[in-house]
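Listed here are the chains, written in short residue letters.
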Amino acid sequence: MEWNFAPAEEIAAALRAGDVTSVELTDEAISRIERDDKAINAICVPDFDRARAAAHHADRARASGEDRPLLGVPVTVKESYDIAGLPTTWGMPTHRDFVPTQDAVQVSRLRAAGAVVLGKTNVPLGLRDLQSFNDIYGTTNNPWDHERTPGGSSGGSAAALAAGFGALSIGSDIGGSLRTPAHFCGVYAHKPTLGLVANRGMVPPATPATPALPVDLDLAVVGPMARTARDLTLLLDVMAGPDPLTLGVAHALTLPPARHQRLSDFRVLVLDEHPFIPTGSAVRAGVDRVAGALVDGGAHVERHSPLLPDLAEAATLYMQLLFSGAVAGFPAEAYEQLRTRAAGLSADDRSLGAARLRGMVLSHRDWIRANDRRELHRHGWRGLFADFDAVVCPITPTPAFPHDHTPDLLDRRIAIDGVEYPYLDQLVWAGLATMPGLPATAVPAGRTPEGLPVGVQLIGPMFEDRTPLRLAELLEQKIGGFDGARHTRGHQ
């Protein structure tokens, strides 16, 4: 049997039953990477020798009676995570030679669960793009269409999963960086509730090298990627929990169970329109397909609710908060230029571009005021989730788009059904969950007539991550999930 596209849950069961060994799985995965990754370029830092050694160790451990959640399962890790002995560059040439001496906390948790790490997956420069290319490792291609991006910034991980390079991967998300690649590549990803999963060792490389320190990041999270919904839950259970150096000293994690187990018990709000950007026809069809499956399964579905926080204000707040952090490391001269540009904006300019520019130069006082508005939005979401269990909506307005390496993101455009819009405006749907810190699960929702995957996100209540994950499982049973094995084999 070929195991490269099997779910991690199935692989783990086969390992327990003795139907396959970790060495066999690892060799098969490495062979596939060596054969197929020249065209995709997902695995930017292979670690095959240590992977084979870890596989031998896993087989010996199992023979001695050990059993851990991922014992012997081959996985990949986003390049931005520290792995001792491997470079962590975030795609930045100035950090080409940075090699950490300690694993990120999530890499440590993968190893403690018994996973076999095959290597690292590609990212964009500084993790700041919806694509995955940089001057160190080159461009990662979408396995479904090599002329298109697999997304970013966890695009290498999504492409690796879609191409059969490992059963699981871990990524990160602040602007849809887990969800957009999953949507573009036809796989699954989960953006956890803000603060649910420890992120130490998933920060930009330091010069000179210093140990990765705990940090409370605003908006940004780390999370799991997989080819099935159940595998997301399996990996989240490995990843979730506070950093043992900080909150973990006193806190233990107990996630509440999913609100429901049957599709017919779910109450779902479905959205497909945003005030700042249209939804392309292909993505709208994916949303409609999921909505139809929910109705067919007996779920209570609404298309509108007065309880929904204002989408325009939510997008504006998201852009301000996102870009206020994005420029923190800019040189003083560049920052002063931004201040001059922002001062020239008309008071009546309420565009997302203006929100981004104003966000870049927010004073601490103005940031606090924006954060106060965020808390009001969080309170609004609590009210909505008293009446609904989940919200279904797009992740981006389009399927995967052609590679665009225009250096300045502000000069790029995204074409939606033939009409061009500012490239960064497509972040608004990702920001819907990110700004208030809500959990969101990306699920496949079919394909376009051209064969490109389309996904949607299931947004759930804060710290009730098991609710959208369970809904993802039920939808997978209803409409199917990842089906890329046949397609990617056709590109060999």
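Look a little higher up for the structure.
Criteria and thresholds
Residues numbered from 1 in each chain as written. Predicted model: local features only at pLDDT ≥ 70, side-chain atom pairs only at ≥ 80, totals over all residues. Heavy atoms only, no water. Core = buried A, V, L, I, M, F, W, Y, C linked by side-chain atoms within 4.5 Å. Buried < 20%, exposed > 50% of the residue type's maximum accessible area, 1.4 Å probe, protein only. Contact = heavy atoms within 4.5 Å. Pairing = 2+ DSSP bridges. Helix = DSSP H or I, 4+ residues; strand = E, 2+ residues; numbered from the N terminus. Axes fitted to C-alpha atoms, helices over the stretch in contact; angles between N-to-C directions. Right-handed = clockwise from strand over helix to strand, strands pointing away. Bend = angle between axes of the 7 residues up to and from the residue. Phe/Tyr/Trp six-rings, centres within 6.5 Å; stacked < 30°, edge-to-face > 60°. Lys NZ or Arg CZ within 6 Å of the ring centre and 35° of its normal.

1. A look at the nonpolar core
In terms of nonpolar packing, the biggest core is built from 69 residues, with L70, V73, Y81, L294 and L471 touching the most fellow members. Residue contacts for Y81: discarding those within four places in its chain leaves T88, A104, Q106, V107, K120, I170, G171, G201, M202, V222, G223 and M239. Y318, M319, V391 and L438 belong to the second largest nonpolar core, which has 47 residues in total.

2. Focus: the sheet that holds strand 3 (residues 116–121)
Pairing is mixed in the open sheet, where eleven strands are placed in the order 1-3-2-6-8-7-14-15-11-9-10. Looking along the sheet, the strands with just one partner apiece sit at the ends: strand 1 (43–46) and strand 10 (300–302). In this sheet, adjacent strand axes meet at a mean angle of 30 degrees when their direction is disregarded. With three bridges joining them, strand 2 (residues 74–78) and strand 6 (residues 168–173) adopt parallel strand pairing.

3. Let's talk about the pairing of strand 15 (residues 453–459)
Among the seven residues that make up strand 15, seven are buried, leaving the element largely enclosed by the rest of the structure. Of the two faces of strand 15, the one holding P453, G455, Q457 and I459 and the one holding V454, V456 and L458 are both buried throughout. Bridge count for strand 14 (residues 440–447) against strand 15 is six bridges, and the pairing is antiparallel. Bridging from a neighbouring strand, A442 pairs with Q457 of strand 15. In this structure, the hairpin formed by strand 14 and strand 15 is closed by a connection of five residues, where G451 is found at a positive phi of approximately 95 degrees.

4. Remarks on the pairing of strand 2
The buried fraction of strand 2 amounts to five of the five residues, a majority that puts the element mostly inside the structure. Residue alternation in strand 2 divides its side chains into two sets, P74, T76 and K78 and V75 and V77, and both sets are buried. Note that the unit made of strand 2, helix 4 (residues 105–112) and strand 3 has a crossover that is right-handed.

5. Observations concerning the environment of R60
Positionally, R60 belongs in helix 3 (residues 48–63). It is 40 Å that separates the C-alpha atoms of R60 and Q457, two residues lying 397 residues apart in sequence.

6. A few points about helix 2 (residues 22–40)
Of all the bends found along helix 2, the most pronounced is centred on E34 and spans about 40 degrees. Three or more residues of helix 2 are buried, namely S22, V23, L25, T26, A29, I30, R32, I33, D36, D37 and I40. Downstream of helix 2 by one or two residues, N41 has phi in the positive range, about 60 degrees.

7. Remarks on the side chain of T180
One can find T180 in helix 6 (residues 179–185). Its relative accessible area of 1% is what places T180 among the buried residues. Those residues within four positions of T180 in sequence are excluded, and the remaining contacts are L130, G152, G175, I395 and T396.

8. Let's talk about helix 4
For helix 4, the full list of buried residues reads V105, Q106, V107, R109 and L110. With its phi angle positive at about 95 degrees, G114 sits one or two positions after the end of helix 4.

9. Remarks on the packing of aromatic side chains
Under the definition given, this model contains four aromatic pairs. A centroid spacing of 6.1 Å and a plane angle of 15 degrees characterise the contact between F5 and F482, whose relative ring orientation is stacked. Of this pair, F5 sits in the segment before helix 1 (8–17) while F482 sits in the loop between helix 14 (466–479) and helix 15 (484–489); the two residues are 477 residues apart in sequence, bridging distant segments of the chain. Here F5 falls in the buried class, since its relative accessible area comes to 13%. When the ring of F401 is compared with that of Y423, the centres are 5.8 Å apart and the planes differ by 80 degrees; the resulting orientation is edge-to-face. Taken together, the residues F401 in the loop between strand 11 (390–393) and strand 12 (413–416) and Y423 in the loop between strand 13 (419–422) and helix 13 (428–434) connect sequence positions 22 residues apart. Side by side, F401 and Y423 carry an identical accessibility label, which is buried. One aromatic cluster is present, formed by F184, F401 and Y423 through successive ring pairs. Its end group placed over the ring of Y423, R412 keeps NZ or CZ at 4.9 Å from the ring centre.

10. Some words on unusual backbone geometry
Most peptide bonds adopt trans geometry, and most residues besides glycine take a negative phi value. The residue after G152, namely S153, is reached through a cis peptide bond having omega 10 degrees. By secondary structure assignment, the location of S153 is in the loop between strand 5 (138–139) and helix 5 (155–163).

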